[in-house]
Amino acid sequence: MLTFPDVSLTALLPIIISLVTACIATLGGLYTSRQNVAYIGLGGLVLTLISLIALWNNNNTTSFKGALLADNYAVAFSSVIVIGALLSLVASLDSARKAQLNFPEFDALLHFGITGCLIIAFAGDLVVLLIGVEVMSLASYVLATFQTSRRAEEAGMKYFLLGSIGSAILIYGIALTFGATGHFDFVGIATAIAQKDFANNTLLVMGSLLMLAGFSFKVGMAPFHQWTPDVYAGSPTLVTLFMSIVVKTAAFAGFVRVFQVALGSSDAWQVPLQILIGLTVIVGNMAAIRQNELKRMLAYSAIAHSGYLALAMLSSPQSGSNALVFYLLSYTLMNAGAFAVIGAIQKDDRGATLEDLRGLFYRRPMYAVAMGLFLASLAGLPPLGGFIGKYTLFSAAFSNGYVFISVLCIVSSMYALVYYLRPAMMMFMRAEGGEMPLQLEPRPSSGVTIALSAVGVLLLGIVPGVVLGLLEGAGKLLQAML
Amino acid sequence: MIHLFLFLPLIAALIVPLIPDRQIKRWTAALAAALTLGIGLGLSVNGGAALERHTWISQLGMTYSVSLEGVSLLLCLVVAFMSLLAVLYAGWKVERSSAMLVLVLLMETTLLGIFMARDLVLFYVFFEAALIPSLLLLSMYGGPNRLTALTRFAIYTIVGSLFLLAAIIGVKVYGGAPTFALEDILKNPIPKNVQTILFLGFLAAFAVKLPLFPLHGWLAQFHEENHSSGVADVMGTLYKVGGYGLFAWALPLFPDAARDLHIPLMWISAFTAIYAAWIAFSQTSWKRLLAFAGLSHMGMVGLGVLSLNATAATGAMYLLAFQGVYMGALFLGVGMLASRAEINAARPEGYGLGVFQGGVMGSAPILGGLTMTLWLAAIGVPGLAGFVGEFSILFGSYQVAPWISFTAGLATIAAAAYALTAYQKTFWEVSPEDAHSSSEHPDEAHDLGHTSLVSRIVSDLTPLEWTILAPSVGVLVFFGIYSAPALNLIQPAAKALMGFFAGGPQ
C-alpha cells in the first residue's frame, strides 16, 4: 500500500504560483510580445502575494516532512521579496527597452530567480535551502550578463565565477554540518547540537564557519565582497535593482534561518561573525566615499548595509528577525527607488556620475526630491524608514550584549553619511555654466516605482508601528513554536 | 491646539510649492508663520500647554509626548517670532525664494519640535530632521564655497548625533525604562558607573550644536557661505539648541556625571567665550564676525547651564532665547546692508559683506540706529534683553567658581571691543576708497561733504525692513526693562533642575 507523501499544497502555493508564472513567461514569449508577458508576470506576482497573505498566521504548516516550513517569518521574508520583485518589474516596463533587455526571456529568468528566492525563504532544511540558493544564483548570473555589451558580459562572468566558488564553499559547509549532526533539517540540527553528548564539535565548527563564508559571499560581506562593486556597476541598472533587493533579502532569509534556528545554540560562529561585520562596515563605507560613479557607490553602500543586516544574527531570535525583516523592507524600498531614479536619468547603463546629478532639482524636481529621500533614508536620518530600521537593528544587538560591534556600526554610519550627503546636496546646487544634458524622456512606470518607494519610505519612518506590530505577533508565534 | 502649533508650518510648507503664483505663495507662507506665532501667544496666555502623550511606536517604546511650558514656551515663541521675520524677509526681498520659504517653514516645525518634545527619541528625530532644511538652504542658496561649508557642518553635526543615538540606546538598556518618555526615564535612574560615558555621548552632540571649543569648526564657514540675505543664518542661529539640550535632557538624566565633569566643562565654556571674542575682533567679513559673536554668546550659555546653579541656568536660558532675537535680527540687518552694497565674490577676505563700508550712517541713519541697538543688546548693555541673561550667568557662576566667572566676564568686555569697532568701521568712518579719492581730490570732497559721497549714498529703511527691525528692537527693549514674564517662565524649570543635584553643586 503506497503512503501518500506529505505534500501540503497550501504551504507550497506561493512557490507553485511563482513557478507557473515563470513557465508561462518562458512559453508565452513564443506567442506574444514582451510587454504582455511582463503584465502576466505582474499578475502572477500579485497572486503570489495574495497567497502569502493567506498563509499568514496559518499555524506553521509544513510540507515534505518539514523540508518546507511556512511559518510567519517565511511569509514575512517572502512578502518583502515579492514586493521588491513587483517594484523591479514595474520599473522594467519602460526601462527594459532602453537597456536592450526587451525580450521575454528576461521575464522568464526573473521569475525563475524569484522562485528560487521563495524556496530559500520557505526552506526548512539545508538541501532545500541549497536548491533555492542555486536557482536564484543561476538566474542572477544570466540576468547580469543579459545585455549585449562587453561590460555586462564581464560583470556576469565575474559574478558566475565568484558566485560558484561561494556556492561551493556553502555546499562543503552543509556537508560538514550534516556529517557532524546527522540531520539536514534545521530543527533536527538544533536538537542534535543541544544534546549533552554531542561529540562532533570540531566538525560542526568547521561546517558552520564554511557556511558563514558561503553566505557572506552571497550577501556581499567583506572580505568576500569583491564581486559586488564590479557586478553592480557592470550589469544593466534594471538588473542591479533586482539583485540588490530581492537576491539580498533571500540570501539573508537563508542566512538568518541557518544561524539562528539551526546553529543557534552553538557558539562557534559569533566571534567570526563579529569580525566579518566589523570588516564589512569599515571597508564598505570607506571605499564608498571615494566613488564618483553612483552605481559603484550604491554597491559599496550595499556592502556596508549587509554588515548592518548581519547584526540581526547577534540579537535574540525574536527581536533580531523582526528588526531584520523591517530593515529589509525599508532597504528594498530605498534601493528600488534609488536605482529606479538612476535608471531614469542615466544616458546608458554605465549609470550616472555625481556630476550628472548636479542641479537635478532644477530640471526634474520630483526625481531630485525622491532621490534625496532615498539617500537620506539610506543614511539613517529621521524621520525616514532607514532610521527606524537602523535603530531597531542596533538596539537589538546592543541589548543582547554585543555593545562594541553595535557602537562600531553606529560610528561607521557617521562617515557613511558623507557619501550619501554629497549626491543629495549636489542635486540641489546649481551648476556654474549650465547643467549637463540628460536623456529625460518621460518614464511613467519608473515613476510609479519611485513614487511608491518614496511613499513607503516616508510611511515606514513616520508610522512604522503597523509593520512592527505585525512582526511582533509573528515573533510570539515563533517563540511558542520553539 | 499644541499639535496645530507644531505642525502648521509643516502643512504650510507642503502647500506652498503647489501654489503657482508668487504673490499668493508668500502671503500664504507669511500667514502660516503669523498664525503659528498667534497660536503660540494664545497658548502662552494660559501658561502654555500641558503634556500630551500618545503612543507612537509601542514596540520600540517611542511615544509622541509634547508639552509647551516654561523654558520650552519661551524658546518656541522666539522661534515662531524669528521665523515670521525670516519668512517676511525671504518672501519679499529675496529673489527666487519659493524654495527658501518652504525650507524656513520646515525648519520652523523641526525647531519647535526640538523644544516641545518630551520623549527622548522624538527629541532626537526633530534634532536630526532640522539638519535637512538647514543643509538644503546652504546648498541651494549658498556662496561659492558652500560644498566645503556644508560638508563640515554635516559631518560635525552627524558625528555628534550618532554618539547621541548610541547614548540614547544605552539609556534605555541600562536604565530599564519601559518607554523613552521623559517622565518614564526619570523614574528609572541610570546607574552611576555608566552615567559618565552616556553623558559624554549626549555632550558630543550638544557641544557641536552649542557650539563649544573645539567643536566649533563648522560655524564660521556655515554662516559665511549662507545666502547674503541672512535668512538662512537666522534659522541657523535658532538651531543652536545645544544649551537647551544640556538643560532639559543631559543634566536631568545624568546628574552624577554632570557633577563630576562640570568644572572642566565650565572652563571650556568660558574659554570659548573669550576665544571667540578674540577672533571676532579680527574679522573683516560681517558674517564671520557675527558667527564668532554668536559663538562667544554660546560660550556664556554653556557656562550658565553647566554651573549647576539656578540663577546661572536661568540666565543661560534667557540669554539663549534672546540671542536668537538679536543675533537673528543682526544677520537680517547685515543682509539689508549687503543688499545695498555690491557683494564682490572675489574679495580677499572671502564671500560676504566686508566690514569696511564706511559712512553708512550718514545716508541710512535709522538703519544705523536700530543696528546699534541690536549690537548694544549683544554686548549686554542694561536696559536691553541681553544684560539680564549675561548678568545672571556671571552672578550664578561666580557663586560656583569665581575665577571661571571672571574669565567669562572678560568676554563681555571683548564683546564691546569687536562690536563697536565693526560698527564704527561700517557706519561711521569714511570708507577706504572714499578716503583715498577725497585725499586726491580735496576740492570735490569739500563740496560734497564726507558723509554724502556719491558712491556711498544708500537708501534708508524700506517699510519691509521697518517691520523686521522695529519689532526685534521693541522685544529686546521690552524684555530688557520688564523681564519678569520671561523669567517667570524659566525660573520654575531651573529650580526643578537643581532638584536633581540635591547634593549641591561642587
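Residues numbered from 1 in each chain as written. Chains lettered and ligands numbered in written order. Predicted model: local features only at pLDDT ≥ 70, side-chain atom pairs only at ≥ 80, totals over all residues.

1. So, the overall build of chain A
Thinking step 1. When helices and strands are counted, chain A shows 20 helices and two strands.
Thinking step 2. The C-alpha radius of gyration computed for chain A amounts to 21 Å, which stays within 12% of the reference 23 Å derived for 482 residues, consistent with globular compactness.
Thinking step 3. For chain A, the C-alpha atoms occupy an extent of roughly 75 × 55 × 40 Å along the three principal directions.
Thinking step 4. Of all 482 residues assigned to chain A, the portion counted as buried reaches 63%.
Thinking step 5. Contacts in chain A between residues far apart in sequence, at least 24 positions, make up 81% of those at least 6 positions apart. (Helix = DSSP H or I, 4+ residues; strand = E, 2+ residues; numbered from the N terminus. Rg over C-alpha atoms; globule rule 2.2 N^0.38 Å. Buried ≥ 20, exposed ≤ 12 C-beta atoms within 10 Å, placed from the backbone. Contact = placed C-beta atoms within 7 Å.)

2. Looking at the nonpolar core
Thinking step 1. In terms of nonpolar packing, the biggest core is built from 401 residues, with Ile81 and Leu311 of chain A together with Val104 and Ala378 of chain B touching the most fellow members.
Thinking step 2. Not counting the four nearest positions on each side in its chain, Leu311 of chain A is found in contact with Ile277, Leu393, Ala397, Ile405, Ser406 and Cys409 of chain A. (Core = buried A, V, L, I, M, F, W, Y, C linked by C-beta atoms within 7 Å.)

3. Points about the environment of Ala30 of chain B
Residue and element names in this part refer to chain B.
Thinking step 1. Relative to the elements of secondary structure, Ala30 occurs in helix α2 (residues 22-45).
Thinking step 2. Classification of Ala30 by C-beta neighbours within 10 Å gives partly exposed; the count is 18.
Thinking step 3. Along the backbone, Ala30 and Ile197 are 167 residues apart, and their C-alpha atoms lie at a distance of 45 Å.
Thinking step 4. Excluding its chain neighbours within four sequence positions, the residues that come into contact with Ala30 are Val87, Leu88 and Gly91.

4. Remarks on the packing of helix α5 (residues 126-144) of chain A against helix α10 (residues 237-262) of chain A
All names here are of chain A.
Thinking step 1. Running from N to C, α5 and α10 cross one another at 170°; their axes reach a closest spacing of 11 Å. Taken as axis vectors, α5 and α10 run roughly antiparallel relative to one another. Of the residues in α10, those in contact with Leu129, Val133, Met136, Ser140, Leu143 and Ala144 of α5 are Val239, Phe242, Met243, Val247, Ala250 and Gly254.
Thinking step 2. Taken together, the residues that form the contact of α5 with α10 break down as 10 nonpolar, two polar and no charged. (Axes fitted to C-alpha atoms, helices over the stretch in contact; angles between N-to-C directions. Parallel < 35°, antiparallel > 145°, perpendicular 65-115°, else oblique. Nonpolar A, V, L, I, M, F, W, Y, C, P; charged D, E, K, R; others polar.)

5. Quick look at unusual backbone geometry
Residues and elements named next belong to chain B.
Thinking step 1. A cis amide bond links Leu210 with the next residue in sequence, Pro211, at an omega value of -15°.
Thinking step 2. Looking at where Pro211 falls in the secondary structure, it is placed in the loop between α9 (192-209) and α10 (219-225).
Thinking step 3. Pro214 follows Phe213 through a cis peptide bond whose omega is 0°.
Thinking step 4. Relative to the helices and strands, Pro214 is located in the loop between α9 and α10.
Thinking step 5. Positive phi values are uncommon outside glycine, yet Arg96 reaches one of about 45°.
Thinking step 6. With respect to the element layout, Arg96 can be found in the loop between α3 (71-93) and α4 (98-116).
Thinking step 7. The class for Arg96 is exposed, based on 9 C-beta atoms found within 10 Å.

6. Points about the interface of chain A and chain B
Thinking step 1. Taken residue by residue, the interface counts 25 residues in chain A and 24 residues in chain B.
Thinking step 2. Those elements that provide at least two residues to the side of chain A that touches chain B are α17 (385-399), α18 (403-427) and α20 (465-481) of chain A.
Thinking step 3. Ranked by residues supplied to the side of chain A that touches chain B, first place goes to α18 of chain A with nine residues.
Thinking step 4. A breakdown of the residues in the side of chain A that touches chain B according to their chemical character gives 18 nonpolar, six polar and one charged.

7. Observations concerning the confidence of the model for chain B
Reading fine detail from the predicted coordinates is not recommended where pLDDT is low.
Residues and elements named next belong to chain B.
Thinking step 1. Across chain B, pLDDT averages 85, with 90% of residues at or above 70.
Thinking step 2. Here helix α21 (residues 442-448) is the element of chain B with the lowest mean pLDDT, 44, and α4 is the one with the highest, 93.
Thinking step 3. Overall, residues 343-351 carries pLDDT values under 50, and its contacts beyond four positions in sequence, including any with other chains, amount to 16 contacts. (pLDDT = per-residue confidence, 0-100.)

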